[in-house]
Amino acid sequence: MIRPEEIKMSAEHVGKWGMVIDQDICTGCQACVAACAMENNISFVGEKDSGYGRSMHWIRIERFWEGEYPEVKMTPNQPMLCQQCNSATCEPVCPAFATVHSQAEQLNLQIYNRCVGTRYCGNNCPYQVRSFNWRDYERPEPLSNQLNPDVTVRRMGVMEKCTFCIQRIHKAQDKAKAEGREVVDGEFTTACAQACPASAITFGRVDDPESLVSQLAQRGHGLKHLEELGTLPNVTYFKGG
Amino acid sequence: MIKRFFDWLKQPLGLIAVGIAVLTLFSIAAYGLYTTQQPPEQPIQFPHKTHVAFGIQCLYCHPGAARGPAAGIPTQAKCWGCHNQIVKTQTSLLLAPLKEAVESGTPIEWVPVAQVPDFVQFNHRAHIAAGQNCENCHGDMTKVNIAENPQVFNMGWCLDCHVKNAGEDHVKLVKLTDCGTCHY
């Protein structure tokens, strides 16, 4: 846990994995949303529970109305996912230590088997990107056949959220290690970035100044959402550039 | 009423009754534990002992262990490579299911015994590459007939070895004890 007075100091501390999202070229096609659900075994909650606001997504496309009627304008599409904050508000509130910071990968983890479902983390997340398993949702045949074996299938009563596809990170690291080399930038990417037809999402190492994400992030007009809260997010957005 | 019952329990006959009840409960519990320690019923009574004694490498039948997360169980094609040349295959009752599986082309449905829960991500490759022997985790397979699981794959067991292996290397220790290394 990081206290406010320490935030300034730790602002120099960059994470390990990060993302750059270009809202100007995002068409809002939802391909990332679908790809994410496929990759990470996210349940389909159905119409009824969605109506209660219990839909489950690790990434969603946000749009807001701007201005007064009749001069309303739509803001650009805004893919919103866990920002993998370096100083995450979700972490210190968990009474069970189920949402911990990975020291090795600098990610916010959700340890499903440790989670007791208080939902405190979800309520404390300023980006509202955590979703809760209100039920054990059914996966009727053929859907059950596409479960990803590298990702835990969550049960009822457990909180979950974007992991930056940690299973892909591990796979790439394992492959690189077997071949006796380091992971190369662009060798692998997250499911959402891979599915994006407009290449609006870029994923990679933010602590490596040579990587594509770092280069993009340094272009200047990037913006981090709710940065003023001191969460130190690892996702940079470009808008109106 | 209840007082009368307790008084009766204090009689010799009552004490014997209590003794019998306790013994029965104990044996049921012991039997329950015993059944969990038994290897499950397999479609073929495959003897590891005999095969390993012939000098067949573990990796010949479980090649995935050196390449990726899962070691894998051989298909009947691999068994048949040897067994179609072995006279005993035609006569042995133990091998009848294998013959049938090869002829009909239906896969043999082995019952898994060495397993971690779904929420744990294990990877054989990293361990074999780091020089860990199969015996360290699966016990001495030259002694077992039908595969059983000698240890409980619990978290303390994983972490003990990881801490021991990391030694003074801080980066490695952080990586090998990070929740995100095994749970996602």
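See above for the structure.
How each quantity is defined
- Residues numbered from 1 in each chain as written.
- Chains lettered and ligands numbered in written order.
- Predicted model: local features only at pLDDT ≥ 70, side-chain atom pairs only at ≥ 80, totals over all residues.
- Heavy atoms only, no water.
- Helix = DSSP H or I, 4+ residues; strand = E, 2+ residues; numbered from the N terminus.
- Rg over C-alpha atoms; globule rule 2.2 N^0.38 Å.
- Buried < 20%, exposed > 50% of the residue type's maximum accessible area, 1.4 Å probe, protein only.
- Phe/Tyr/Trp six-rings, centres within 6.5 Å; stacked < 30°, edge-to-face > 60°.
- Core = buried A, V, L, I, M, F, W, Y, C linked by side-chain atoms within 4.5 Å.
- Contact = heavy atoms within 4.5 Å.
- Patch = residues over 30% accessible without salt bridge, like charges linked within 9 Å, V, L, I, M, F, W, Y side chains within 5 Å.
- Areas by Shrake-Rupley, 256 points an atom, 1.4 Å probe, with all protein chains shown as cover.
- Salt bridge = Lys/Arg side-chain N within 4 Å of Asp/Glu carboxyl O.
- Polar contact = N/O pair within 3.5 Å; in protein donor to acceptor, adjacent residues only side chain to side chain.
- Nonpolar A, V, L, I, M, F, W, Y, C, P; charged D, E, K, R; others polar.
- Pairing = 2+ DSSP bridges.
- Axes fitted to C-alpha atoms, helices over the stretch in contact; angles between N-to-C directions.
- Disulfide = S-S within 2.5 Å.
- Parallel < 35°, antiparallel > 145°, perpendicular 65-115°, else oblique.
- Left-handed = near helix turned anticlockwise from the far one by under 90°.
- Arc of directions from axis to C-beta.

To continue, consider the overall build of chain B. For chain B, the helix and strand inventory stands at 13 helices and zero strands. A globule of 184 residues ought to have a C-alpha radius of gyration of about 16 Å, yet chain B, at 24 Å, is considerably larger. Expressed as lengths along the three principal axes of its C-alpha atoms, the size of chain B is roughly 75 × 60 × 30 Å. A total of 184 residues make up chain B; the buried ones form 22% of that total.

A few words now on the overall build of chain A. A tally of helices and strands in chain A yields seven helices and nine strands. Relative to the compact-globule value of 18 Å for 241 residues, chain A shows a C-alpha radius of gyration of 18 Å, a close match. Seen along its three principal axes, the alpha-carbon backbone of chain A occupies a region of about 60 × 45 × 40 Å. By residue count, 49% of the 241 residues in chain A fall in the buried class.

Once that is clear, we can look at the packing of aromatic side chains. Counted according to the given criterion, the structure contains seven aromatic pairs over all chains. Taking the centre distance of 5.6 Å and the plane angle of 75° together, the rings of Trp-17 of chain A and Phe-188 of chain A count as edge-to-face. Residue Trp-17 of chain A is located in strand β1 (residues 17-22), and its partner Phe-188 of chain A is located in the loop between α5 (166-178) and α6 (191-195); the two are separated by 171 residues in the primary sequence. An identical accessibility class is assigned to Trp-17 of chain A and Phe-188 of chain A; each is buried. Arranged with centres 5.0 Å apart and planes meeting at 20°, the rings of Phe-153 of chain B and Trp-157 of chain B form a pair that is stacked. Judged by its relative accessible area of 17%, Phe-153 of chain B falls in the buried class. Following the ring pairs from residue to residue traces out a cluster consisting of Trp-17, Phe-164, Phe-188 and Phe-203 of chain A.

Residues and elements named next belong to chain A. Membership of the largest hydrophobic core comes to 49 residues, with the highest contact counts inside it found for Met-19, Ile-59, Leu-81, Phe-164 and Ile-201. Every element with two or more residues in this core is listed here: β1, α2 (31-39), β2 (59-62), β5 (78-81), α5, α6, β8 (201-205) and β9 (235-238). With four residues, α2 is the single largest residue contributor to this core. Excluding its chain neighbours within four sequence positions, the residues that come into contact with Met-19 are Leu-81, Phe-164, Thr-190, Cys-192, Ile-201, Thr-202, Phe-203, Val-213, Asn-234, Val-235 and Thr-236.

Here the focus is a nonpolar patch on the surface. Residues and elements named next belong to chain B. Nonpolar side chains collect at one region of the surface, where Ile-2, Phe-5, Phe-6, Trp-8, Leu-13, Ile-16 and Ile-20 lie side by side and expose about 780 Å² of accessible area between them. Among the elements of the structure, α1 (2-10) and α2 (12-36) are those that each provide at least two residues to the nonpolar patch. Considering the arrangement of structural elements, one finds Trp-8 in helix α1.

Once that is clear, we can look at the interface of chain A and chain B. Tallying the contact residues gives 21 residues for chain A and 14 residues for chain B. Across the chain A-chain B interface, the total number found is two salt bridges. At the junction of chain A with chain B, the criterion picks out 11 residue pairs in polar contact (both at pLDDT 80 or more). Class assignment for the residues of the side of chain A that touches chain B results in 10 nonpolar, seven polar and four charged.

Now for the sheet that holds β1 of chain A. Residue and element names in this part refer to chain A. The strand order across the open sheet formed by three strands is β8-β1-β9, and the pairing between neighbours is mixed. Edge positions in the open sheet fall to β8 and β9, since each of these has one partner strand only. Along the sheet, successive strands turn relative to each other by an average axial angle of 15°, direction set aside. The pairing of β1 with β8 spans five bridges and is classified as antiparallel. By the bridge assignment, Met-19 is partnered in β8 with Phe-203.

Moving on to the state of the cysteines. Residue and element names in this part refer to chain A. Scanning all chains against the criterion turns up zero disulfides over all chains. Free of any disulfide, Cys-36 has its nearest neighbouring cysteine sulfur in Cys-162, separated by 6.4 Å. This cysteine, Cys-94, is not joined by any disulfide, and Cys-121 carries the nearest cysteine sulfur, 6.3 Å off. According to the relative accessible area criterion, Cys-94 is buried, its value standing at 12%.

Our next topic: the packing of helix α6 (residues 76-83) of chain B against helix α8 (residues 96-104) of chain B. All names here are of chain B. Where α6 contacts α8, the axes come no closer than 10 Å and their chain directions differ by 115°. By the angle class used here, α6 and α8 are roughly perpendicular. By crossing handedness, the relation of α6 to α8 is classed as left-handed. Contact residues: Gln-76, Cys-79, Trp-80 and His-83 in α6; Leu-98, Lys-99, Ala-101 and Val-102 in α8. Here the residues of the contact of α6 with α8 sort into five nonpolar, two polar and one charged.

In this section: α6 of chain B. All names here are of chain B. When α6 is considered as a whole, its buried residues turn out to be Gln-76, Cys-79 and His-83. Considered in projection along α6, the buried side chains sweep an arc of 60° and stay on one side of the axis. On its buried face, α6 is in contact with α3 (48-53), α7 (88-91) and α8.

Residue and element names in this part refer to chain B. Relative to the elements of secondary structure, Gly-72 occurs in the loop between α5 (64-67) and α6. The spacing of Gly-72 and Cys-61 is 11 residues in sequence and 8.0 Å in space, taken between C-alpha atoms. Among residues more than four places away in sequence, those in contact with Gly-72 are Cys-61 and His-62.

All names here are of chain A. One pass over the full model with this rule turns up 12 salt bridges over all chains. Notably, a salt bridge pairs Asp-150 with Lys-171, separated by 3.0 Å at the nearest N-O pair. Placement of the pair is Asp-150 in the loop between β6 (131-132) and β7 (159-160) and Lys-171 in helix α5, with a sequence separation of 21 residues. We note a salt bridge from Glu-179 to Arg-181, for which the minimum N-O separation is 2.8 Å. Linked by salt bridges that have partners in common, Lys-175, Glu-179, Arg-181 and Glu-187 make up one network.

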